[in-house]
Amino acid sequence: MDAKTPAVVLVLTGPVRREEVAGWCAVVREALAGGGGGIVVCDVGGLGPPGLAAVDLLARLELTARRAGGRIRLRDADPALGALLELVGLRFQTEGQAEEREPALGVEEAVETGDPPG
């Protein structure tokens, strides 16, 4: 399996209930079975307002994916969820975002003439 090709897309909806976490982890484990690595995309647009239950779910899914040799990628993540994840020290790749330590292609910072220094 190609690491760039998602094995499965999980559509997560809120509110997140604790009893559902084990089931989602089993889905991730099954999707990555075979040890070839891969990416599971989690569509988190339907989670609603971010909270610690969502952070706990995503942390457990990432841990499950890593143990199976894969990774989690977030789709449609609310900026507030991203900020909360970063606050607790969790970093996820987000669809449309350059991977960590890779410069975004074609992005250059330029100063327009006449702009005040800032």
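Residues numbered from 1 in each chain as written. Predicted model: local features only at pLDDT ≥ 70, side-chain atom pairs only at ≥ 80, totals over all residues. Heavy atoms only, no water.

Chemist: Would you mind going over the overall build of the protein chain with me for this structure?
Modeler: Scanning the protein chain for helices and strands turns up 3 helices and 4 strands. Counting across all 118 residues of the protein chain, residues that qualify as buried make up 29%. Of all intrachain contacts in the protein chain linking residues separated by at least 6 positions in sequence, the fraction that spans at least 24 positions is 72%. Accessible area for the protein chain stands at about 7800 Å²; split by element, carbon and sulfur atoms hold 53% of it. (Helix = DSSP H or I, 4+ residues; strand = E, 2+ residues; numbered from the N terminus. Buried < 20%, exposed > 50% of the residue type's maximum accessible area, 1.4 Å probe, protein only. Contact = heavy atoms within 4.5 Å. Areas by Shrake-Rupley, 256 points an atom, 1.4 Å probe, with all protein chains shown as cover.)

Chemist: Got a minute to help me understand helix H3 (residues 79-87) in this structure?
Modeler: Residues spaced three or four apart along an α-helix point in a common direction, a consequence of the helix completing one turn every 3.6 residues. All of the buried residues in H3 are Leu81, Leu84 and Leu85. Angularly, the buried residues of H3 cover 100° about the axis, an arc narrow enough to put them on a single face. Facing away from the buried side of H3, by more than 90 degrees, are the exposed residues Pro79, Glu86 and Leu87. Near the N-terminus of H3, the side chain that reaches the backbone nitrogen of Ala80, with its oxygen 2.6 Å away, is that of Asp78. Positive phi appears at Gly89, one or two residues downstream of H3, with a value of about 90°. (Arc of directions from axis to C-beta. Polar contact = N/O pair within 3.5 Å; in protein donor to acceptor, adjacent residues only side chain to side chain.)

Geometric values such as these leave the question of function open.
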